[in-house]
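# A closer look at the structure
The primary structure of each chain is shown beneath.
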Amino acid sequence: MPSNAADKHAAPPAPEPLRVPVADSHTHLDMQSGSVEDALAKAASVGVTTVVQVGCDVRGSRWAAETAAAHDAVHATVALHPNEAPRIVHGDPDGWSRQGAREAGGTAALDEALAEIDRLAALPHVKGVGETGLDHFRTGPEGVQAQEASFRAHIEIAKRHGKALVIHDREAHDDVLRILKEEGAPERTVFHCYSGDAEMARVCARAGYYMSFAGNVTFKNAQNLRDAVAAAPLELLLVETDAPFLTPAPYRGRPNAPYLIPITVRAMAEVRGIDEDTLAAALGSNTARAFSYPR
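Rules used in this analysis
- Along every chain, residues carry numbers that run from 1 in the direction the sequence is written.
- Confidence filtering applies because this is a predicted model: local features only for residues at pLDDT of at least 70, side-chain atom pairs given and counted only at 80 or more, and all residues used for totals across whole chains, interfaces and linings.
- In computing side-chain values, all of the structure's heavy atoms are included and hydrogens and water are not.
- Think of it this way: DSSP has to see at least two bridges between two strands before they count as a pair.
- Starting at the N terminus, helices and strands are each numbered in turn, a helix being any DSSP run of H or I of at least four residues and a strand any DSSP run of E of at least two.
- To obtain each axis, a line is fitted to C-alpha atoms, and for helices this fit is confined to the stretch in contact; angles are then taken between N-to-C directions over 0 to 180 degrees.
- Here, two residues are considered to be in contact whenever any of their heavy atoms come within 4.5 Å of each other.
- With a 1 Å grid spanning the protein atoms alone, the term cavity applies to any set of points in which a 1.4 Å probe fits but cannot get out, the term pocket to an open set with protein on both sides within 12 Å along at least five of seven lines, and the term lining residue to any residue with an atom within 4 Å of a point.
- Grid points are joined across faces, edges and corners, and a volume is the space filled by probe spheres set on the points.
- Charged means Asp, Glu, Lys or Arg here, nonpolar means Ala, Val, Leu, Ile, Met, Phe, Trp, Tyr, Cys or Pro, and polar covers whatever is left, Gly included.
- Among the buried residues, those of types Ala, Val, Leu, Ile, Met, Phe, Trp, Tyr and Cys that are joined through side-chain atoms within 4.5 Å form a nonpolar core.
- The cut-offs for exposure are 20% and 50% of the maximum accessible area for each residue type, with area from a 1.4 Å probe on protein chains only; residues under the lower value are buried, those over the upper are exposed, and the others partly exposed.
- Under this scheme an angle from 65 to 115 degrees is roughly perpendicular, one under 35 degrees roughly parallel, and one over 145 degrees roughly antiparallel; angles in between are oblique.
- Rotating anticlockwise by less than a right angle from the far helix to the near helix defines a left-handed crossing, while the corresponding clockwise rotation defines a right-handed one.

### A look at the sheet that holds strand S6 (residues 189–191)
- The strand order across the open sheet formed by 8 strands is S1-S2-S3-S4-S5-S6-S7-S8, and the pairing between neighbours is parallel. Single-partner strands in this sheet number two, and they are strand S1 (22–27) and strand S8 (237–239). Within this sheet the neighbouring strands show an average axis-to-axis angle of 30°, counted without direction.
- Where strand S5 (residues 164–170) and S6 come together, 3 bridges link them in parallel fashion. What sits directly across from Val166, in S6, is Val190.
- Contacts between helix H9 (residues 261–272) and the sheet are confined to S1, strand S2 (48–54), strand S7 (210–213) and S8, with S8 contributing the most and set at about 150° to the helix.

### Looking at the layout of surface pockets
- Of the volumes computed, that of the largest pocket is approximately 1200 Å³.
- Broken down by secondary-structure element, the contributors of at least two residues to the lining of the largest pocket are helix H2 (58–70), strand S4 (126–135), S5 and helix H8 (223–231).
- Residue composition of the lining of the largest pocket, grouped by class: 11 nonpolar, 12 polar and 13 charged.
- Approximately 260 Å³ is the volume found for the second largest pocket.
- Around the second largest pocket sit 16 residues that line it, and Gln32, Ser33, Lys42, Ala257 and Tyr259 are the ones nearest its centre.
- Split into classes, the residues belonging to the lining of the second largest pocket amount to 9 nonpolar, 5 polar and 2 charged.

### A word on the nonpolar core
- Core analysis: the biggest nonpolar cluster contains 84 residues, and Phe151, Leu180, Phe191, Tyr194, Phe213, Met268 and Phe291 have the highest contact counts within it.
- Apart from residues no more than four positions distant in its own chain, Tyr194 is found in contact with Met200, Ala201, Cys204, Met211, Ser212, Phe213, Leu225 and Ala228.

### Some words on the packing of helix H4 (residues 106–121) against helix H5 (residues 144–161)
- One way to put it is that H4 packs onto H5 with a least axis distance of 10 Å and a crossing angle of 25°. In this view, H4 runs roughly parallel relative to H5, as classed from their interaxial angle. Note that H4 runs across H5; the crossing there is right-handed. Contact residues: H4 offers Leu110, Leu114, Ile117, Asp118 and Ala121, while H5 offers Ala146, Ser150, Ala153, His154, Ile157, Arg160 and His161.
- Partitioned by chemical class, the residues of the contact of H4 with H5 number 7 nonpolar, 3 polar and 2 charged.

Keep in mind these values describe shape, not function.
Here is the structure:
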């Protein structure tokens, strides 16, 4: 790899194409540079033929739904991110969320935002409700109530519309699993950017939850994720970029995009001791099943 500082911000080179097409089960095209058309073409050129565009707030969820309606290769999910709910209720006067200041809107504002997510979730090209869940890393104790209320509302919306539930779980494993059990999880539930260990993977497997792995499975300090890849049933595995975040090694820190999925697929295949074609075939069918779209 080139060593000068400018290259740290350059897009990594395209990997060798996959022979069996897969889907990027979780990406944020609205946060990536370049056009949607270019991103989809570049992804398709390496065998990533489908992407799931994920909403994190009302505006982003509307964009996800519109983009999915305009592109056959894109499916949408809609939601208020776990950190968005406390921002709506309590405001963000000092910019803790790193998304700019915002005035408090109270529970009425949260109810209004959830009503719009509910409306979007009914659209046929919206295949999931998420990313929702809990984030104990960025939101402090004062935001827990708003997060939990939002999470429970999203679970209800997903079940009522028959859509997949996409979970954001950051340093909140026990509470996420508890709330899913209390509310009753939707038929199809996906742990996006799975961050637990092998034991949690076995808990998720018993519940039938899908586990989606991102580029951080390639990081040196992520043995817990590789152990989870090995422990999870093949039929419950998904792969994602979470782009523009979590670029796989050896390009960590550079911009991520759906075309880099093959790097993560190959890392996962190596962990499981199977060939990449077998894994790619499973990942492709699993993602279509999880989000209920034609293979």
